[in-house]
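# Structural overview for review
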Amino acid sequence: MLRRRWFGVTLLLIGALGPALAATSAGAAELRRPNVIIVLTDDQGYGDFSCHGNPVLKTPHLDKLHAESIRLTDFHVAPMCTPTRGQLMSGLDALRTRASSVCAGRSFLPRGVPTMAEIFAANGYRTAMFGKWHLGDTYPNLPHHRGFQEAVYHLGWGITSMADVWENDLFDGRFHHNGALQTYKGYCTDVWFNLAIDWMKERHARGEPFFLYLPTNAPHGPHWVPEKYQKPYQGNGPAAFFGMIANIDENMGRLDQFLRETGLYDNTLLFFSHDNGGTAGVNLYNAGMRGRKTTYYEGGHRAAAFFRWPAGRLLPPGDIDALTQVQDILPTLIELCGLTKPKEATFDGISLAGLLRGTVRELPDRVLVVQYGQRPVKGDCAVLWRKWRLVHGKELYDLRSDPGQQNDVAANHPDVFRKLSEYYDRWWAGIEPNLDNFNPLSLGADQENPTRLTAADWANVYCDNMRDLREGVKRNGPWHVLIEKDGEYEIALRRWPKEADAPIRAGVPEFKAVVGGLPAGKALPIAKARLQIAGFDETRPVGETDKEVVFTVQLKAGKTVMQSWFYDSAGQELCGAYFAYVRRK
């Protein structure tokens, strides 16, 4: 029993003029396979478009795309980014894959679940992604491990996240190219689009069909953006946030111009969306919706969804009001592009190809569940059916008469309340037994040795940004790990990452970025470090100048749990080791 959802992020699917490959799906026999581009923006909300009525923000290029596209007007993603991204890549519900949170050991897909990139690659496409991945920071969870032949990306949720490069910036940032750290000149969003356009030029010159995933880290914070983009909005809304969207819009114009000038425009399947509900802009304008990012009201998970494929024999541009979700995108692309689906692949989403072509007038009557979470609990969700919304398991809203979700009508419609509650109970019963079966972090693999672990992956704990680190927050949690091979392992515990080159007890200076920065890091009176893993439990002193405390442990292959502690001289716990470097010797 699989179900579908969508992700609120800007997805751009572009089909381009490539070699004439035989299409295998129904209705595609005489069409060349399109190139596909998905553009996914981060933390942009449904109301952050001038075409959706925003009274301040100007998005002329996105408005043009809106006018040229089929628009899914009742399209839903998760209320936070990783769950949406996992659902997009897998076609599966976030709680089913357990990639259900932005950190807390729940931000990567299980091994063996085919990804969108792996499916396109297996069908002869060249594949690439540039930007925000946020589905794992170590082997085998990075994009170049999950089907992308070319990948340039930052780690974690973004720049200044716990997992990202120490003192990274949105200007002249240091990003990973298939695992190798490099510096890229320019503003981050410009970098992603420049890399994408250069890569597409090469694919086009070689006549290679391509799948491009372009997930921007903007307009997620930190809201550091060139002055010229934010200046028009100063004194009239969240200027830096709107400036980041203005920059995205400009890059969308560049991308559109490139497609037209190269002849790729007509046979380009373009899908654009964003990864969750609104954030910095909701107080100004939220398209009449209640809620925002992280919430289960419409404003938390309803997202823009634009499909454009001029040569694809789709319906003319216009609105389709069917209930759809991000989990539908992968099965839809498989059918539209004539791809062969892996035998092991199952989806919670369904194909929307017939709806987009006009060969199907409406989708099957279905119920969708929107749920994510650092520690998911029963009832913390939204259940969607037609225009009904069951929120938190107890509030019922009829969007036909109450789009702002102000009037709970559960008492007036017990039949609808019962139908949605019973559906959710069945869905939860299929999900719940596996929820705490964490997807483990790999240690000692030949493909990555050593491995760096961060506090972002402590199970069921939120400790995921550089401000937490610099503040020295009193948090701790275990890492769920998979020891790949028997052997002797060296495990180094650190308060600061290696790049900081700072003693465990010491503070660090403030970081001044091109625009903005981070506060100085506090010193902590750490006197002892403890490591526990697979029956090993040892405590060692921390000296004044020690930058790490190293333990040597004999480990057997298999799943286990690892945890660390930092204590003061009185034996009081201060925090866990925010970083651990693990090497099989």
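Residues numbered from 1 in each chain as written. Predicted model: local features only at pLDDT ≥ 70, side-chain atom pairs only at ≥ 80, totals over all residues. Heavy atoms only, no water.

## As for the overall build of the chain
The helix and strand inventory of the chain stands at twelve helices and 27 strands. Whereas a compact globule of 585 residues would reach a radius of gyration of roughly 25 Å, the chain reaches 24 Å, a difference of no more than 12%. Looking at the chain as a whole, 64% of its 585 residues qualify as buried. Pairs at least 24 residues apart make up 72% of the contacts formed inside the chain by residues separated by at least 6 positions. When the accessible surface of the chain is summed, it comes to about 20,500 Å², and 49% of that surface belongs to carbon and sulfur atoms. (Helix = DSSP H or I, 4+ residues; strand = E, 2+ residues; numbered from the N terminus. Rg over C-alpha atoms; globule rule 2.2 N^0.38 Å. Buried < 20%, exposed > 50% of the residue type's maximum accessible area, 1.4 Å probe, protein only. Contact = heavy atoms within 4.5 Å. Areas by Shrake-Rupley, 256 points an atom, 1.4 Å probe, with all protein chains shown as cover.)

## Some remarks on the pattern of salt bridges
Per the stated rule, a full pass over the model turns up 40 salt bridges. Across the salt bridge formed by Asp425 and Lys378, the nearest N and O atoms sit 3.3 Å from each other. Linking Asp425 in helix H11 (residues 414-431) with Lys378 in the loop between strand E12 (367-370) and strand E13 (382-385), this pair joins segments that are 47 residues apart in sequence. Each of Lys64, Glu68, Asp256, Arg260 and Arg308 takes part in salt bridges that share partners, so that together they form one network. (Salt bridge = Lys/Arg side-chain N within 4 Å of Asp/Glu carboxyl O.)

## What to know about the packing of helix H5 (residues 188-206) against helix H7 (residues 239-261)
Running from amino to carboxyl end, H5 crosses H7 at an angle of 10 degrees, the nearest separation of the two axes being 10 Å. Considering the angle they form, H5 stands roughly parallel to H7. Here Thr189, Asp190, Phe193, Asn194, Ile197, Met200 and Lys201 of H5 come into contact with H7, specifically with Asn247, Ile248, Asn251, Met252, Arg254, Leu255 and Phe258. (Axes fitted to C-alpha atoms, helices over the stretch in contact; angles between N-to-C directions. Parallel < 35°, antiparallel > 145°, perpendicular 65-115°, else oblique.)

## Considerations on the packing of helix H1 (residues 60-68) against H7
Axis separation between H1 and H7 bottoms out at 7 Å; the angle between their running directions is 55 degrees. With respect to their mutual orientation, H1 and H7 come out oblique. Across the interface between the two elements, Pro60, His61, Leu62, Lys64, Leu65 and Glu68 of H1 pack against Asp249, Glu250, Met252, Gly253, Asp256 and Arg260 of H7. Class assignment for the residues of the contact of H1 with H7 results in four nonpolar, two polar and six charged. (Nonpolar A, V, L, I, M, F, W, Y, C, P; charged D, E, K, R; others polar.)

## Brief notes about the state of the cysteines
Throughout this description, disulfide means a covalent bond between two cysteine sulfur atoms. Applying the stated rule across the entire model yields zero disulfides. Of all cysteine sulfurs in the structure, the one in Cys103 sits closest to Cys81, which takes part in no disulfide; the separation is 9.6 Å. (Disulfide = S-S within 2.5 Å.)

## A word on the sheet that holds strand E17 (residues 451-454)
Spatially, the four strands line up as an open sheet ordered E17-E27-E19-E24, and their pairing is antiparallel. Every other strand in the sheet has two partners, leaving E17 and strand E24 (549-555) as the edge strands with one partner each. Direction aside, neighbouring strands of the sheet carry axes that sit 25 degrees apart on average. Relative to strand E27 (residues 579-584), strand E19 (residues 487-494) is paired through six bridges, and the arrangement is antiparallel. The residue of E27 that forms the bridge with Arg494 is Phe579. (Pairing = 2+ DSSP bridges.)

## Description of the packing of aromatic side chains
Tallied over the full model, the rule gives 24 aromatic pairs. Arranged with centres 5.8 Å apart and planes meeting at 70 degrees, the rings of Phe75 and Phe271 form a pair that is edge-to-face. A residue pair is termed long-range when its members are at least 10 positions apart, and Phe75 in strand E2 (residues 70-76) and Phe271 in strand E8 (residues 268-274) qualify at 196 residues. Look at Phe75 and you get buried, because its relative accessible area is 0%. Ring centres of Phe148 and Tyr213 lie 6.0 Å apart, and the angle between their planes is 20 degrees; on these two criteria the pair is classed as stacked. Of this pair, Phe148 sits in the loop between strand E3 (126-132) and strand E4 (150-154) while Tyr213 sits in strand E7 (residues 210-215), placing them 65 residues apart in sequence. (Phe/Tyr/Trp six-rings, centres within 6.5 Å; stacked < 30°, edge-to-face > 60°.)

## Some thoughts on the confidence of the model for the chain
As a note on interpretation, predicted positions should not be read in detail where pLDDT is low. Per-residue confidence for the chain averages 94 on the pLDDT scale, and 95% of its residues sit at or above 70. Below a pLDDT of 50 lies the segment residues 1-30, which in the model reaches 182 contacts outside its immediate sequence neighbourhood of four places, other chains included. (pLDDT = per-residue confidence, 0-100.)

## Observations concerning H11
Here H11 is 18 residues long and its end C-alpha atoms lie 25 Å apart, about the 26 Å a rise of 1.5 Å per residue gives. Taken residue by residue, H11 has Val416, Leu420, Ser421, Tyr423, Tyr424, Trp427, Trp428 and Ile431 as its buried positions. The arc that holds every buried residue of H11, seen down its axis, measures 165 degrees, which confines them to one face. The exposed set on the far side of H11, more than 90 degrees from its buried face, consists of Asp415, Arg426, Ala429 and Gly430. (Expected span 1.5 Å × (residues − 1). Arc of directions from axis to C-beta.)

## Description of the sheet that holds E13
Taken in spatial order, the four strands make up an open sheet running E12-E13-E14-E15, and their pairing is antiparallel. At either end of the open sheet lies a strand with only one pairing partner, and these are E12 and strand E15 (395-398). The sheet shows a mean angle of 20 degrees between the axes of neighbouring strands, direction not considered. Inspection of the sheet shows E12 paired to E13 by four bridges, in the antiparallel sense.

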